[in-house]
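Structural characterization, general
The lines below spell out each chain.
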Amino acid sequence: MNADEFAGLYLLTPPKIELARFSEKLKSVLDTGAVDCLQLRLKDVSDDEIRTAIETILPLCNDRDIPLILNDRPDIAKKSGCDGVHIGEDDASYDEARAIMGEEHIVGVSCYDSRHRAMELGEKGADYVAFGAFYPTQTKATKTSVTPEIIEIWTTFTTVPCVAIGGITAENVGPIVLAGADFVAVTSGVWNHPDGPEAGARAIKAAIIATDIE
């Protein structure tokens, strides 16, 4: 999972999906070429539903050379062939996740507003750290609120990639890109875009590129 010269768009799935309909829509979004990484983030569903979703979505990602990261569950991620796993403070520990996934797979971690947690897990070998929330979001209850300054400080002291998350849209992504985020994680800004998710993905990627060029 490497950012190119521009910040990457790290797309998260909605927490609830109707798989057949969603997979067709996802295919269209991925075909825009705007998405650099996809996280499957399903909440309050069975393990079988997660595995079935991976069976459908993973080939779409593989065909387009887009890493698929599973939220919360390193056990399912490894057995299902995902490229990596993302863990929060209340999920499996980083050590557990790394032991299950191995060194060849991605393990990303939520660090909220804690540079200490980020530094600690970055030194342990986390492939990326995620800070947020940067803006109000309806996708999930946020534990913390941060400003782009946390990214500026982080990128000054370390080369471990950082992901910005929380309420990010094409209209407000600029300060985060200017601060040096390697990836911007987006849910509603794509899936709830008034002109459709394809337009949402293109708009955010265009805003990222425009900000980087300025």
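Read on for a plain summary of the structure. (Residues numbered from 1 in each chain as written. Predicted model: local features only at pLDDT ≥ 70, side-chain atom pairs only at ≥ 80, totals over all residues. Heavy atoms only, no water.)

One way to put it is that helix α1 (residues 19-30) packs onto helix α2 (residues 47-63) with a least axis distance of 10 Å and a crossing angle of 20°. By the angle class used here, α1 and α2 are roughly parallel. For the element pair α1 and α2, the recorded crossing hand is right-handed. Across from Leu19, Phe22, Ser23, Leu26, Lys27 and Leu30 in α1, the residues of α2 making contact are Thr52, Ala53, Thr56, Ile57, Leu60 and Cys61. Of the residues that constitute the contact of α1 with α2, the class distribution is eight nonpolar, three polar and one charged. (Axes fitted to C-alpha atoms, helices over the stretch in contact; angles between N-to-C directions. Helix = DSSP H or I, 4+ residues; strand = E, 2+ residues; numbered from the N terminus. Parallel < 35°, antiparallel > 145°, perpendicular 65-115°, else oblique. Left-handed = near helix turned anticlockwise from the far one by under 90°. Contact = heavy atoms within 4.5 Å. Nonpolar A, V, L, I, M, F, W, Y, C, P; charged D, E, K, R; others polar.)

Let us look at the sheet that holds strand β5 (residues 106-112). Strand order in this closed barrel of eight strands is β1-β2-β3-β4-β5-β6-β7-β8, and the pairing throughout is parallel. Sheet twist, expressed as the mean angle between neighbouring strand axes with direction ignored, is 25°. Bridging between β5 and strand β6 (residues 128-132) involves four bridges; their strand directions are parallel. Looking across to β6, one finds that valine 109 is bridged to valine 129. (Pairing = 2+ DSSP bridges.)

Applying the stated criterion across every chain yields a total of ten salt bridges. Note that lysine 27 is salt-bridged to glutamate 24, the shortest N-O span being 3.6 Å. Residue lysine 27 and its partner glutamate 24 are both found in helix α1; the two are separated by three residues, about one turn of the helix. Given a relative accessible area of 29%, lysine 27 falls into the partly exposed group. Taking the shortest distance from any N to any O, the salt bridge between lysine 25 and glutamate 198 comes out at 3.6 Å. Of this pair, lysine 25 sits in helix α1 while glutamate 198 sits in helix α9 (residues 197-213); the two residues are 173 residues apart in sequence, bridging distant segments of the chain. Residues joined in a network through salt bridges with shared partners are Asp47, Arg73 and Asp75. (Salt bridge = Lys/Arg side-chain N within 4 Å of Asp/Glu carboxyl O. Buried < 20%, exposed > 50% of the residue type's maximum accessible area, 1.4 Å probe, protein only.)

Attention shifts here to helix α4 (residues 94-101). Taken residue by residue, α4 has Tyr94, Ala97, Arg98 and Met101 as its buried positions. Taken around the axis of α4, the buried residues stretch over an arc of 95°, which confines them to a single face. Just beyond α4, the residue with positive phi is glycine 102, at close to 85°. (Arc of directions from axis to C-beta.)

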